[in-house]
Amino acid sequence: RLFAAPELTTLLAGEDRDVDVDDLRRHTVYHGGYHELSPTVRALWQVLKDFSNAERKAFLKFVTACSQPPLLGFKHLEPRFSVQCVAPGGGDGGPLT
């Protein structure tokens, strides 16, 4: 037997610990004209800092489908967390906008 059930759960779902917003920020990629100093991006990081840990976990679940941070940190999150600016008017420039 290679792993006990709790160990396998930790490997697959991450660790039950606080969400490190600074780690997430360091390993975020930006697209569509956004960058780390964009006002909207700065507001996002401030809101996440102001969130309780439970709210951060809910945000993480919304964007990754898992409420736990990756076992070895956000550097190992696949796909990487991305913040993308959409086209003016709220669409992404696709055929439905």
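Residues numbered from 1 in each chain as written. Predicted model: local features only at pLDDT ≥ 70, side-chain atom pairs only at ≥ 80, totals over all residues. Heavy atoms only, no water.

Peer 1: When you look at the side chain of Thr28 in this model, what are you seeing that I'm missing?
Peer 2: Assignment of secondary structure puts Thr28 in the loop between helix H2 (21-26) and strand S1 (29-31). At a separation of 2.6 Å, a polar atom in the side chain of Thr28 contacts the main-chain carbonyl oxygen of Leu24. Residues within four places of Thr28 in sequence aside, it is in contact with Trp45, Arg80, Phe81, Ser82 and Val83. (Helix = DSSP H or I, 4+ residues; strand = E, 2+ residues; numbered from the N terminus. Polar contact = N/O pair within 3.5 Å; in protein donor to acceptor, adjacent residues only side chain to side chain. Contact = heavy atoms within 4.5 Å.)

Peer 1: So what exactly am I meant to see when it comes to helix H4 (residues 53-64) here?
Peer 2: Because each turn of an α-helix spans 3.6 residues, side chains separated by three or four positions end up pointing in the same direction. Relative to the 16 Å expected for 12 residues at 1.5 Å per residue, H4 spans 16 Å between its end C-alpha atoms, a close match to the ideal helical length. Of the positions making up H4, those classed as buried are Arg56, Lys57, Phe59 and Leu60. The buried residues of H4 occupy an angular sector of 160° when the element is viewed end-on, so they sit on one face. Every exposed residue of H4 that faces more than 90 degrees away from the buried side is listed here: Ala54, Lys61 and Phe62. The secondary structure elements touched by the buried residues of H4 are H2 and helix H3 (39-50). Trailing H4 by a residue or two, Ala65 shows a phi angle of about 75°, which is positive. (Expected span 1.5 Å × (residues − 1). Buried < 20%, exposed > 50% of the residue type's maximum accessible area, 1.4 Å probe, protein only. Arc of directions from axis to C-beta.)

Peer 1: What is the right way to look at the side chain of His27 in this model?
Peer 2: Assignment of secondary structure puts His27 in the loop between H2 and S1. Using a relative accessible area of 18% as the deciding quantity, one classes His27 as buried. Of note is the side chain of His27, whose polar atom sits 2.9 Å from the backbone oxygen of Asp23. Setting aside residues up to four positions removed in sequence, His27 forms contacts with Phe74, Lys75, Arg80 and Phe81.

Peer 1: Looking at this structure, I do not really get a nonpolar patch on the surface. What am I missing?
Peer 2: Residues Leu2, Phe3, Leu8, Leu11, Leu12, Leu71 and Leu72 make up a contiguous nonpolar surface patch of about 760 Å² in total accessible area. One can find Leu2 in the segment before helix H1 (5-13). (Patch = residues over 30% accessible without salt bridge, like charges linked within 9 Å, V, L, I, M, F, W, Y side chains within 5 Å. Areas by Shrake-Rupley, 256 points an atom, 1.4 Å probe, with all protein chains shown as cover. Salt bridge = Lys/Arg side-chain N within 4 Å of Asp/Glu carboxyl O.)

Peer 1: How do you make sense of the pattern of salt bridges when you look at a structure like this?
Peer 2: Side chains that differ in sign of charge can pair as their charged atoms come close. Under the definition given, this model contains three salt bridges. A salt bridge links Asp22 to Lys49; the shortest N-O distance between them is 2.9 Å. Here Asp22, found in helix H2, pairs with Lys49, found in helix H3; they are 27 residues apart in sequence, far enough to count as distant. Using a relative accessible area of 38% as the deciding quantity, one classes Lys49 as partly exposed.

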